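Fold and contact review
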Amino acid sequence: MRVLVTGGAGFIGSAVVRTIIEETNFEILNVDCLTYAGNPDSLARIAGSDRYSFSRTDIRDLPALRRAVEEFRPDLIMHLAAETHVDRSIDGPADFVMTNMVGTANLLEATRAYWTGLDDAAKRRFRLHHVSTDEVFGSLGPSGQFSETTPYAPNSPYSASKAGSDHLVRAWHETFGLPVITSNCSNNYGPCQFPEKLIPLIILNALEGKKLPIYGTGKNIRDWLHVEDHARALIAIATRGQPGETYCVGGNEERTNIDVVLTVCSILDELLPQSQNRPHANLITYVADRPGHDARYAIDASKIERELGWRPQETFESGIKKTVQWYLDNRSWWERVRAGAYRGERLGLAGAG
Ligand code: NAD
């Protein structure tokens, strides 16, 4: 099987690429333009495989994307390339509209042109899997969970641009018959996550003795899933899911942000008994909330469990321990990232900061 992965140098994309190369015999073309969030170091383990190739292509560039698709001739496309950080979408929404919506429309058009030219058997086998987020559903109150039938109600420029891309993907199925599948997943954590996101930001700031910023009251709830469990779910969906269907993916591990941060602090206290920064929880500082901050996300993942037999292998407790250990063991990965354009500063206050 020939798999074209977009965004394969990102956090989740690199986990998908590593898992496919190490656990299947599939061939991969990774299409990624390497924004600040794309990092070839995350692929070092598999970059030498003769089943792996890389194309530095921007999905906003339709002719270049068409060439990549036509030349590689994939059986499956897994679409992960996106602008992904909510705070950055508040500071600069235009990039989110261009990559997430226009880029996805480009991919759909490049794919449709290629798919239309396939013979009947190849056409029937072909899939385009669009990877999306549970944030398209908006915010939950204290009870209930998102599922495949939850109405869309995105609140941030990021989630609105992802919702727009989900609708485009759906329309290319309904209108043109393109065999697409969409998945909507909850918050991921794990190795190789860019340290602007909560968990790696907290780990690295704590290691450096910097403040640990908690937005608002810290009571916002997210449903956490280890990235390798998500990668396995994505491979199951892409290879065994039903075209035209959507699948919700989540860890059933709801935690408030402050609980997540306290957990990371106590793991660091335990792993680093000599640290001058102990107890790391003393570094916690409450800062202005994110504008439009969604209160709670939670996923009902029973459809993917029932239909595809997928279940997470990590609990939050096991996954977060491994994750903290990974950042301790892989200083060179994050020191190179921190030496670049982003050093942990506050983003996304919509001019109010
Ligand atoms: P990420 O920001 O870590 O990586 C995004 C990747 O896309 C980077 O390698 C970047 O270089 C590439 N990219 C961005 N714009 C591009 C463009 N115009 N052309 C080509 N490549 C481009 O993102 P992530 O956290 O790995 O998320 C991957 C996907 O999963 C996204 O679609 C995101 O919406 C979705 N998702 C993420 C989470 C999460 O918790 N991180 C949860 C659910 C869904």
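Observations concerning the site of the ligand
The full set close to the ligand counts 30 residues, and Ile12, Asp32, Thr84, Tyr158 and Lys162 are the nearest of them. Measuring from an oxygen atom of the ligand, one finds a backbone N or O atom of Leu34 at 3.5 Å. Tyr158 places a polar side-chain atom, nitrogen or oxygen, 2.7 Å from an oxygen atom of the ligand. Burial of the ligand by the protein amounts to 97% of the accessible area it has alone, namely 840 Å². In the shell around the ligand, the residues fall into 13 nonpolar, 13 polar and 4 charged.

Description of unusual backbone geometry
Residue Arg278 is joined to Pro279 through a cis peptide bond whose omega torsion reads -15°. Structurally, Pro279 is set in the loop between α9 (257–271) and β12 (284–287). One non-glycine residue, Arg73, lies in the positive phi region at around 55°. Its location among the elements puts Arg73 in the loop between α2 (62–72) and β4 (76–79). Located in the positive-phi region is Asn252, a residue other than glycine, with phi close to 55°.

With respect to the state of the cysteines
Tallying each qualifying case throughout the model produces 0 disulfides. Cys185 supplies the cysteine sulfur nearest to Cys192, a cysteine that is in no disulfide, at a spacing of 17 Å. When its relative accessible area of 8% is taken as the criterion, Cys192 is described as buried. Not engaged in a disulfide, the cysteine Cys248 finds its nearest cysteine sulfur in Cys185; these two sulfurs lie 9.1 Å apart.

So, the sheet that holds strand β11 (residues 254–256)
Here we have 3 strands laid out as an open sheet, ordered β7-β9-β11, and mixed in their pairing. Bordering the open sheet on either side are β7 (187–189) and β11, each of which pairs with just one other strand. On average, adjacent strands in this sheet sit at an angle of 50° to one another, irrespective of strand direction. Relative to strand β9 (residues 221–226), β7 runs parallel, the two being bridged by 3 bridges. Across the sheet, residue Tyr189 finds its bridge partner in β9, namely His226.

Focus on the pattern of salt bridges
Overall, the coordinates contain 17 salt bridges when judged by the stated rule. The partner of Arg45 in a salt bridge is Glu22, with the nearest N and O atoms 2.7 Å apart. Here the residue Arg45 occupies a position in the loop between β2 (27–31) and β3 (52–55), and Glu22 occupies one in helix α1 (residues 11–23), the gap between them amounting to 23 residues. Residue Arg45 is classed as exposed on the basis of its relative accessible area of 59%. By relative accessible area, which is 43% here, Glu22 ends up partly exposed. Residues joined in a network through salt bridges with shared partners are Glu208, Lys210 and Arg338.

Quick look at the side chain of Thr182
Inspection of the secondary structure assignment puts Thr182 in strand β6 (residues 180–185). Every residue in contact with Thr182, bar those within four places of it in the chain, is listed here: His130, Ser132, Asp166, Val169, Glu245, Thr246 and Tyr247.

As for the nonpolar core
Counting 30 residues, the largest nonpolar core has Ile199, Ile203, Leu212, Ile320 and Val324 as the members making the most contacts within it. Secondary-structure elements contributing two or more residues to this core are α7 (198–207), β8 (212–215), α9, α11 (316–329) and α12 (331–338). Here this core takes 7 residues from α9, the largest share from any one element. With residues near it in sequence (within four places) discarded, Leu212 still touches Ile202, Asn205, Ala206, Val261, Cys265, His280, Leu283, Ile284 and Thr285. Phe11, Val16, Leu76 and Met78 belong to the second largest nonpolar core, which has 24 residues in total.

Side note on α9
Working note: α-helix, 3.6 residues per turn, so residues spaced by three or four point in the same direction. The end-to-end C-alpha distance of α9 is 21 Å, a good match for the 21 Å that 15 residues give at a rise of 1.5 Å each. Residues Asn257, Ile258, Val260, Val261, Val264, Cys265, Ile267, Leu268 and Asp269 constitute the buried set of α9. For α9, the secondary structure elements touched by its buried residues are α7, β8, β9, β11, β12 and α11.

Quick look at a nonpolar patch on the surface
A grouping of Val97, Met98 and Val102 is seen on the molecular surface, where their side chains present a nonpolar patch of about 200 Å² in accessible area. Position of Val97 among the secondary structure elements: in helix α4 (residues 93–116).

Re α12
All of the buried residues along α12 are Trp333, Trp334, Val337 and Arg338. Each buried residue of α12 lies within a common arc of 120° when the element is viewed along its axis, so the set occupies one face. Away from its buried face, by an angle of more than 90 degrees, α12 presents the exposed residues Ser332 and Arg336. Where α12 is buried, its residues touch α7 and α11.

The rules we used
- Residues numbered from 1 in each chain as written.
- Predicted model: local features only at pLDDT ≥ 70, side-chain atom pairs only at ≥ 80, totals over all residues.
- Heavy atoms only, no water.
- Near = heavy atom within 4 Å.
- Polar contact = N/O pair within 3.5 Å; in protein donor to acceptor, adjacent residues only side chain to side chain.
- Areas by Shrake-Rupley, 256 points an atom, 1.4 Å probe, with all protein chains shown as cover.
- Nonpolar A, V, L, I, M, F, W, Y, C, P; charged D, E, K, R; others polar.
- Helix = DSSP H or I, 4+ residues; strand = E, 2+ residues; numbered from the N terminus.
- Disulfide = S-S within 2.5 Å.
- Buried < 20%, exposed > 50% of the residue type's maximum accessible area, 1.4 Å probe, protein only.
- Pairing = 2+ DSSP bridges.
- Axes fitted to C-alpha atoms, helices over the stretch in contact; angles between N-to-C directions.
- Salt bridge = Lys/Arg side-chain N within 4 Å of Asp/Glu carboxyl O.
- Contact = heavy atoms within 4.5 Å.
- Core = buried A, V, L, I, M, F, W, Y, C linked by side-chain atoms within 4.5 Å.
- Expected span 1.5 Å × (residues − 1).
- Patch = residues over 30% accessible without salt bridge, like charges linked within 9 Å, V, L, I, M, F, W, Y side chains within 5 Å.
- Arc of directions from axis to C-beta.

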